[in-house]
Amino acid sequence: MKKRNILVLAILVLLIIVIHDDQSFEPQDIGELRKEVYSSIEVPPPYVFTTDGCSLWPNSIWGEDLTDICIEHDIEYWRGGSAEERKQADDLLRERVNKRAPFVGDIMYLGVRAFGGLFMPTSWRWGYGFNYPGFSY
């Protein structure tokens, strides 16, 4: 049993290292991306748009690049909005990712629904373009 626990721990550590390294991502054209995002929003949030690609998830899996899908999802999360808008953004993420990597979108969906809520103390929460009491990034 000890060997199994050590193996599971080693796999988790490797996964964390891979995901952490992947999160240093910032698009080369972030300035152009920001211009595009700001031009499509009537009243943008006060905090500048940022993206790390697929938060806490590899930007590509099984040879499929998911970065563009995740950036579009980040735009929606930065903007924030109603609970229904969040659900729609998460549904679209699941659908689009599943087209490229079957079942991966379902796993990502569970993650964003569980850990992307408005009152989660994370830099990727719903409405992260706004400051809420008790939150500073």
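Coordinates for the structure precede this section.
Since this is a predicted model, take the numbers as computed values, not measurements.

## A word on helix α5 (residues 104-115)
Taking 1.5 Å per residue, twelve residues should reach 16 Å; α5 reaches 17 Å between its end C-alpha atoms and fits that length. All of the buried residues along α5 are V104, G105, M108, Y109 and V112. Projected onto a plane normal to the axis of α5, the buried residues spread over an arc of 130° and lie on a single side. Exposed residues pointing more than 90 degrees away from the buried face of α5 are listed as L110 and F115. For α5, the secondary structure elements touched by its buried residues are β1 (60-61), α3 (67-79) and α4 (83-100).

## Focus on the environment of H73
Looking at the element boundaries, H73 is found in helix α3. Residues H73 and G53 lie 20 residues apart in sequence; the distance between their C-alpha atoms is 9.0 Å. Among residues more than four places away in sequence, those in contact with H73 are A89, D90, L93 and V112.

## Description of the nonpolar core
Residues V37, F49, W57, L66, V97, V104 and M108 are the most contacted members of the largest nonpolar core, which totals 24 residues. Of all the elements in the fold, those that place two or more residues in this core are α2 (30-39), α3, α4 and α5. The dominant element in this core, judged by the number of residues it contributes, is α3, at six residues. Excluding its chain neighbours within four sequence positions, the residues that come into contact with M108 are C54, W57, L66, C70, L93 and V97.

## Section: α4
Taking 1.5 Å per residue as the helical rise, α4 with its 18 residues ought to reach 26 Å, and the 26 Å between its terminal C-alpha atoms agrees with that figure. Every buried residue belonging to α4 is among R86, A89, D90, L93, V97 and N98, and all of these are buried. All buried residues of α4 fall inside an arc of 160° around its axis, so they share one side.

## Some points on the packing of aromatic side chains
Each aromatic ring pair is described using two quantities: the centre-to-centre distance and the angle formed by the ring planes. A full pass over the atoms with the stated rule returns three aromatic pairs. Considering the side-chain rings of Y38 and W78, the 5.3 Å spacing of their centres and the 65° angle between planes classify their relative orientation as edge-to-face. Taken together, the residues Y38 in helix α2 and W78 in helix α3 connect sequence positions 40 residues apart. Residues F49 and W78 carry aromatic rings whose centres are separated by 5.5 Å and whose planes lie at 75° to one another, so their mutual orientation is edge-to-face. Taken together, the residues span a long stretch of sequence, with F49 in the loop between α2 and β1 and W78 in helix α3 at a distance of 29 residues. Ring-pair connections join several aromatic residues into one group, and the members of that group are Y38, F49 and W78.

Procedures and definitions
Residues numbered from 1 in each chain as written. Predicted model: local features only at pLDDT ≥ 70, side-chain atom pairs only at ≥ 80, totals over all residues. Heavy atoms only, no water. Helix = DSSP H or I, 4+ residues; strand = E, 2+ residues; numbered from the N terminus. Expected span 1.5 Å × (residues − 1). Buried < 20%, exposed > 50% of the residue type's maximum accessible area, 1.4 Å probe, protein only. Arc of directions from axis to C-beta. Contact = heavy atoms within 4.5 Å. Core = buried A, V, L, I, M, F, W, Y, C linked by side-chain atoms within 4.5 Å. Phe/Tyr/Trp six-rings, centres within 6.5 Å; stacked < 30°, edge-to-face > 60°.

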